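Understanding the architecture of this molecule
Below are the chains, spelled out letter by letter.
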Amino acid sequence: MSKRFGYYENIAHISVILWGYDLALYARRDGCPLVTGSRCCGTELSKLHYCISRHTCTSARIYADAGANYVFADDEHSGSVPLAFETVFDKGQNADFWLIKYNQAIDKTYKELEQDYAPYTGFRAFKERNIYGCNTGKVDFYEDSPFHPDRLLKDLIKIFHPTLLEGYELKYFTKLAE
């Protein structure tokens, strides 16, 4: 009996995922925003770098599924790689959205992000206030999203195409406050 329940539960889960993908295809017709992710790693200014996902990574693929273009989508490498801030800025300065993950007691703000590293203010997403953060200290992103990619996909669709998914509340991400 438990096998049968698991089977139907999986079918329902797959249906939700497929529904999300259909919605993502609709979102693509609405226009594809450009998105970047991550932020500087390291403790000394001379050693600051970005760890970015390449086009073959899961995060890059789900951005595309949500109807957005990832700034590093044309890179042919797999896995994550450290890059200098200047390289990331050159590719991502005109991105419509910037998604970051962090772990801290209180939610990150634009003011804090600027204090972390002043050149962040040069990104279009910073200037237009289109940065969304996922505070992994408060949200079970890493524990939940691998088992519920449909929830992450819905968050991304809502961020990139706010007129879709009317009434949907973001689960993982929040827009940064001032």
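For the structure given in this document, a descriptive report is provided here.

Rules of the game
- Residues numbered from 1 in each chain as written.
- Predicted model: local features only at pLDDT ≥ 70, side-chain atom pairs only at ≥ 80, totals over all residues.
- Heavy atoms only, no water.
- Salt bridge = Lys/Arg side-chain N within 4 Å of Asp/Glu carboxyl O.
- Helix = DSSP H or I, 4+ residues; strand = E, 2+ residues; numbered from the N terminus.
- Buried < 20%, exposed > 50% of the residue type's maximum accessible area, 1.4 Å probe, protein only.
- Core = buried A, V, L, I, M, F, W, Y, C linked by side-chain atoms within 4.5 Å.
- Contact = heavy atoms within 4.5 Å.
- Expected span 1.5 Å × (residues − 1).
- Phe/Tyr/Trp six-rings, centres within 6.5 Å; stacked < 30°, edge-to-face > 60°.
- Lys NZ or Arg CZ within 6 Å of the ring centre and 35° of its normal.

Describing the pattern of salt bridges
Side-chain pairing between opposite charges can occur once the charged atoms of the two side chains come close. For the coordinates displayed, the defined rule picks out eight salt bridges. Here lysine 138 ties to aspartate 107 by a salt bridge, and the two come within 3.7 Å at their closest N and O atoms. In this pair, lysine 138 sits in the loop between strand S7 (131–135) and helix H6 (141–144) while aspartate 107 sits in the loop between strand S6 (97–102) and helix H4 (110–116), placing the two residues 31 residues apart along the sequence. Where glutamate 128 meets arginine 124, a salt bridge forms, and the shortest distance between an N and an O atom there is 3.2 Å. Classification of arginine 124 by relative accessible area gives partly exposed; the value is 30%.

Quick notes on the nonpolar core
Among the nonpolar cores identified, the biggest contains 41 residues, and Leu99, Ile131, Leu156, Phe160 and Phe173 are the most heavily contacted of them. A per-element tally of this core places helix H7 (residues 149–160) first, with six residues. When neighbours within four sequence positions are excluded, leucine 156 is seen to be in contact with Ile62, Tyr63, Ala66, Leu99 and Phe173.

Description of H7
Between its terminal C-alpha atoms H7 stretches 16 Å, which fits the 16 Å expected from twelve residues at 1.5 Å a residue. Counting buried positions along H7 yields nine of twelve residues, so the element is predominantly enclosed.

Re the packing of aromatic side chains
Applying the stated criterion to the full structure yields 17 aromatic pairs. Ring geometry for tryptophan 98 versus tyrosine 120: centroids 5.1 Å apart, planes at 70 degrees, classification edge-to-face. Residue tryptophan 98 is found in strand S6, and its partner tyrosine 120 is found in the loop between H4 and helix H5 (124–127); the two are separated by 22 residues along the sequence. As far as burial versus exposure is concerned, tryptophan 98 and tyrosine 120 are alike and both buried. Seen in terms of ring centroids, phenylalanine 141 and tyrosine 142 are 5.2 Å apart; in terms of plane orientation they differ by 85 degrees. Their pairing is edge-to-face. The exposure class assigned to phenylalanine 141 is buried, which follows from its relative accessible area of 7%. Members of the aromatic cluster, connected to one another through ring pairs, are Tyr63, Tyr70, Phe72, Phe97, Tyr132 and Phe160. Its guanidinium or amino end placed over the ring of tyrosine 102, lysine 108 lies 5.7 Å from that ring's centre, counting from NZ or CZ. If you follow arginine 129 out to its NZ or CZ, it ends over the ring of tyrosine 110, 4.2 Å from the centre.

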